Amino acid sequence: MKKFEYTIKDELGIHARPAGMLAKEAKNYKSIITITKEGKSAEATRLMSVMSLAVKCGQTVEVSVEGEDEDVAFEGVKTFFETNL
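Bear in mind that the values here come from a model prediction, so they are computed numbers and not experimental data. (Residues numbered from 1 in each chain as written. Predicted model: local features only at pLDDT ≥ 70, side-chain atom pairs only at ≥ 80, totals over all residues. Heavy atoms only, no water.)

1. A look at the pattern of salt bridges
Scanning the model with the defined rule gives three salt bridges in all. Between Asp 71 and Lys 2 there is a salt bridge, with its nearest N and O atoms 3.2 Å apart. Taken as a pair, Asp 71 in helix α3 (residues 70-84) and Lys 2 in strand β1 (residues 2-7) lie far apart in primary sequence, 69 residues in all. With relative accessibility at 48%, the residue Asp 71 sits in the partly exposed group. Residue classification places Lys 2 among the partly exposed positions, given a relative accessible area of 29%. A salt bridge links Lys 3 to Glu 62; its shortest N-O distance comes to 3.7 Å. Taken together, the residues span a long stretch of sequence, with Lys 3 in strand β1 and Glu 62 in strand β4 (residues 60-66) at a distance of 59 residues. (Salt bridge = Lys/Arg side-chain N within 4 Å of Asp/Glu carboxyl O. Helix = DSSP H or I, 4+ residues; strand = E, 2+ residues; numbered from the N terminus. Buried < 20%, exposed > 50% of the residue type's maximum accessible area, 1.4 Å probe, protein only.)

This is how it looks when you write it as structure tokens:
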């Protein structure tokens, strides 16, 4: 399992559009990608679960990646966060 922390820079936080883009990105990998904020977790492929975390600008989330392609998935998801959130 690989993990990283990321502080959200998008002024609207993880709202509908980036949450949808994140779910689409996460579906490209076989690994399970989980986002955790303040003890609550959501699988990245589940749009409504991600949105239910209500992540706002300036908040830090922990992203964990676990599975057979976790190295590739980790790099892809980390890049996604840095580029879009």
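Don't stop here, the text continues.
2. Some words on the sheet that holds strand β3 (residues 40-43)
Taken in spatial order, the four strands make up an open sheet running β1-β4-β2-β3, and their pairing is antiparallel. Looking along the sheet, the strands with just one partner apiece sit at the ends: β1 and β3. Each adjacent strand pair in this sheet contributes to an overall mean axis angle of 25 degrees, direction not counted. Relative to β3, strand β2 (residues 32-37) runs antiparallel, the two being bridged by four bridges. (Pairing = 2+ DSSP bridges. Axes fitted to C-alpha atoms, helices over the stretch in contact; angles between N-to-C directions.)

3. Describing the packing of aromatic side chains
Inspection of every chain in the model, using the stated rule, returns four aromatic pairs. Seen from their ring centres, Tyr 6 and Phe 81 are 5.6 Å apart, and the 70 degrees between their planes marks the pair as edge-to-face. Of the two residues, Tyr 6 sits in strand β1 while Phe 81 sits in helix α3, which places them 75 residues apart along the sequence. For the pair formed by Tyr 6 and Phe 81, the shared burial category is buried. Ring centres of Phe 80 and Phe 81 lie 6.2 Å apart, and the angle between their planes is 80 degrees; on these two criteria the pair is classed as edge-to-face. Since its relative accessible area comes to 7%, Phe 80 is described here as buried. Lying over the aromatic face of Phe 74, Lys 2 brings its terminal NZ or CZ to 5.1 Å of the ring centre. Residue placement shows Lys 78 over the ring face of Phe 4; its charged tip is 6.0 Å from the ring centre. (Phe/Tyr/Trp six-rings, centres within 6.5 Å; stacked < 30°, edge-to-face > 60°. Lys NZ or Arg CZ within 6 Å of the ring centre and 35° of its normal.)

4. Looking at the pairing of β2
Judged by how many residues are buried, β2 sits mostly within the fold: five of six residues are covered. As judged from the five bridges shared by β2 and β4, these two strands associate in the antiparallel manner. Residue pairing in the sheet places Ile 35 in a bridge with Val 63 of β4. Connecting the antiparallel pair β2 and β3 is a turn made up of two residues, with Glu 38 showing a positive phi of about 50 degrees.

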